[in-house]
Every structure is written in C-alpha cells, then in structure tokens.
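Listed below, chain by chain, are the residues.
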Amino acid sequence: MLQSARTAPPHRVPPTVALAGATVWSRREAYWFLIGVIVPAACWSRYPALVPYVFTVVLLIALGIRVGNCVRWMSMLRWGVIADVETVDTALRGAGNLHLAHATGWNVQRRWYTGIVTESAVRYRAGEAHGHLFVRGLPFTTGVVLAHSKQPSSAMAISDFPCDLYLDGKGRWAASFPKGFWKQALATVALYGCAVAGLTVSLGYR
C-alpha cells in the first residue's frame, strides 16, 4: 500500500486519540494496582508510614507508562506512513484466554478469545527503509501497518491503538471509540479513584 502525497505526514491527530489513551482499560495495569493494594494492606498495621509511599510509587509508575503510551501513539499517528508488508512469519506461542484486537485492513475487531495464541513477525517496507514488528494474538493477515517517518525502524499495527482509526485522502485521521469502550473507561477511572482514595486515607494514618 503506497503512501500518496495527499496523505504524507504530518497528519492531524484528533483529541479522541488522547482521550482514548488516557482512559483505555489495561488488565496488566489493573493487576499491578491490585498487587500495590495488597502489599500496603498487609503492612498497614506494622508499617503504616510506608503505605502512602507504596501508593505514590504505584500511581506514578502507572501514570508514567500511560502517558508514555499516549505520547507514542500520538507521535506515530502524526508522523506515520502506511508501510508495505513484505513477509509474515507466524509461530505458535501456546494457548490462552485473553482479550484480542485483530485487524483486517482498517477494520479492527476486539473480542475475548480462547485458543491458540500466535506471534507474527511482520517484515515491512516504508520508502527505502525496511523493518519488522511482532504482533501477538491471532495470526497477522492484512492489517494496516504504520511506520514512523522519522524513525522507520519503529512501527505499529493499526490494532495496537486504543481506538478505531482511518486515514482519509486529505491526511486527516478519523478516530472513533470501539464498542463497549465507555464501560472500560469508567472502570479505569474507578481504578485510579480507588488508588487516590487509598493514598488519601493512608496519609491520615501517618
């Protein structure tokens, strides 16, 4: 898929992407929040002075990772070019039960999946540069791949983004929230709210 002059970067990135990145649900993040809550709860009676620090560290790390992902997504969309996929090598990575995003062209389907998990090594070309990326989940088929025009070795599949995207003929991104997104966003807000509440309460016990 060749990049036309009308869709050459920089592209306009809608605020929808930043909002989606700020509130998208992350199971891995929730897991580490859970660990961060269990540990201070166990230490509450013996080391109450340490509890606020644990909450603070967990919050700062989580926010740092979330902000870093948002910056990476925004930069890729602003400076990304549509890469040509050259080869795809797929290897089995065992079985699992997980929530997957799988792209066919621009269309991304997000659903729970139970079965064999694969990892696809996708080799692509962006202009004169070549690179590769790994896509975990279902076997990679015809999903759109974006390569960073300033760093062609960096690339992302369209399914890696937290919202549904499409690049129009004028170089502008159209972004929309996936089905069920707002329920997950509320869960994310509740998660951070509980962490902040825990930090506030723990400060009162110092």
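The preceding data block contains the structure.
What this report covers is the structure whose coordinates are included nearby. (Residues numbered from 1 in each chain as written. Predicted model: local features only at pLDDT ≥ 70, side-chain atom pairs only at ≥ 80, totals over all residues. Heavy atoms only, no water.)

It is worth spelling out the pairing of strand 8 (residues 173-176) at this point. Inspection of the sheet shows strand 7 (residues 164-167) paired to strand 8 by four bridges, in the antiparallel sense. Along strand 8, the bridge assignment pairs Leu165 with Ala175. In sequence, strand 7 turns back onto strand 8 through a hairpin of five residues, with Gly171 there showing a positive phi of about 75 degrees. (Pairing = 2+ DSSP bridges. Helix = DSSP H or I, 4+ residues; strand = E, 2+ residues; numbered from the N terminus.)

Take helix 1 (residues 15-23) next. Looking at helix 1, one finds that the buried residues are Thr16, Val17, Ala20, Gly21 and Thr23. Turning to helix 1, the residues buried within the fold contact helix 3 (51-79), strand 7, strand 8 and helix 4 (181-203). (Buried < 20%, exposed > 50% of the residue type's maximum accessible area, 1.4 Å probe, protein only. Contact = heavy atoms within 4.5 Å.)

All right, on to the packing of aromatic side chains then. Counted under the stated rule, the structure contains seven aromatic pairs. On the numbers, 5.1 Å between centres and 75 degrees between planes, the contact of Phe33 with Tyr192 is edge-to-face. With Phe33 in helix 2 (residues 27-43) and Tyr192 in helix 4, this pair connects stretches of sequence that are 159 residues apart. The same class applies to Phe33 and to Tyr192, which are both buried. Ring centres 4.9 Å apart and planes at 25 degrees place the aromatic pair Phe177 and Phe181 in the stacked group. Pairwise contacts between aromatic rings join Trp106, Tyr166 and Trp173 into one cluster. Between Lys150 and the ring centre of Trp79, over which it is positioned, the NZ or CZ distance is 3.9 Å. (Phe/Tyr/Trp six-rings, centres within 6.5 Å; stacked < 30°, edge-to-face > 60°. Lys NZ or Arg CZ within 6 Å of the ring centre and 35° of its normal.)

Next up on the list: the environment of Ala18. Along the polypeptide, Ala18 turns up in helix 1. Here Ala18 falls in the partly exposed class, since its relative accessible area comes to 33%. For Ala18 and Val71, which are 53 residues apart along the polypeptide, the C-alpha to C-alpha distance reads 8.5 Å. With near-sequence residues (within four places) excluded, Ala18 lies in contact with Cys70 and Met74.

A few words on the sheet that holds strand 6 (residues 155-157). Pairing is antiparallel in the open sheet, where three strands are placed in the order 1-5-6. Of all the strands in the sheet, the pair left with one neighbour each is strand 1 (80-82) and strand 6. The sheet shows a mean angle of 30 degrees between the axes of neighbouring strands, taken without regard to direction. Pairing geometry for strand 1 and strand 5 (residues 145-148), over three bridges, is antiparallel. Paired with Val81 across the strands is Ala147, a residue of strand 5. (Axes fitted to C-alpha atoms, helices over the stretch in contact; angles between N-to-C directions.)

Attention now goes to the state of the cysteines. The final tally for this structure, using the stated rule, is zero disulfides. Cys163 carries a free sulfur, and the closest cysteine sulfur to it, the one in Cys70, is 10 Å from it. (Disulfide = S-S within 2.5 Å.)

Taken N-terminus to C-terminus, the directions of helix 1 and helix 4 make an angle of 55 degrees; their axes are 8 Å apart at the nearest point. Considering their axes alone, helix 1 and helix 4 lie oblique with respect to each other. From helix 1, Leu19, Ala20, Ala22 and Thr23 reach across to helix 4, where they touch Phe181, Trp182, Gln184, Ala185 and Thr188. Of the residues belonging to the contact of helix 1 with helix 4, the class tally is six nonpolar, three polar and no charged. (Parallel < 35°, antiparallel > 145°, perpendicular 65-115°, else oblique. Nonpolar A, V, L, I, M, F, W, Y, C, P; charged D, E, K, R; others polar.)

Another point: helix 2. The end-to-end C-alpha separation of helix 2 is 25 Å, in line with the 24 Å expected for 17 residues at 1.5 Å each. All of the buried residues in helix 2 are Glu29, Ala30, Phe33, Gly36 and Pro40. Here the buried residues of helix 2 occupy an arc of 120 degrees about the axis, which is enough to place them on one side. Among the exposed residues of helix 2, those oriented more than 90 degrees off its buried face are Arg28 and Ala42. Of the surrounding secondary structure, the elements contacted by the buried residues of helix 2 are helix 3 and helix 4. (Expected span 1.5 Å × (residues − 1). Arc of directions from axis to C-beta.)

Here the bond from Pro9 into Pro10 is cis, since omega is 5 degrees, no more than 30 degrees from zero. Structurally, Pro10 can be placed in the segment before helix 1.

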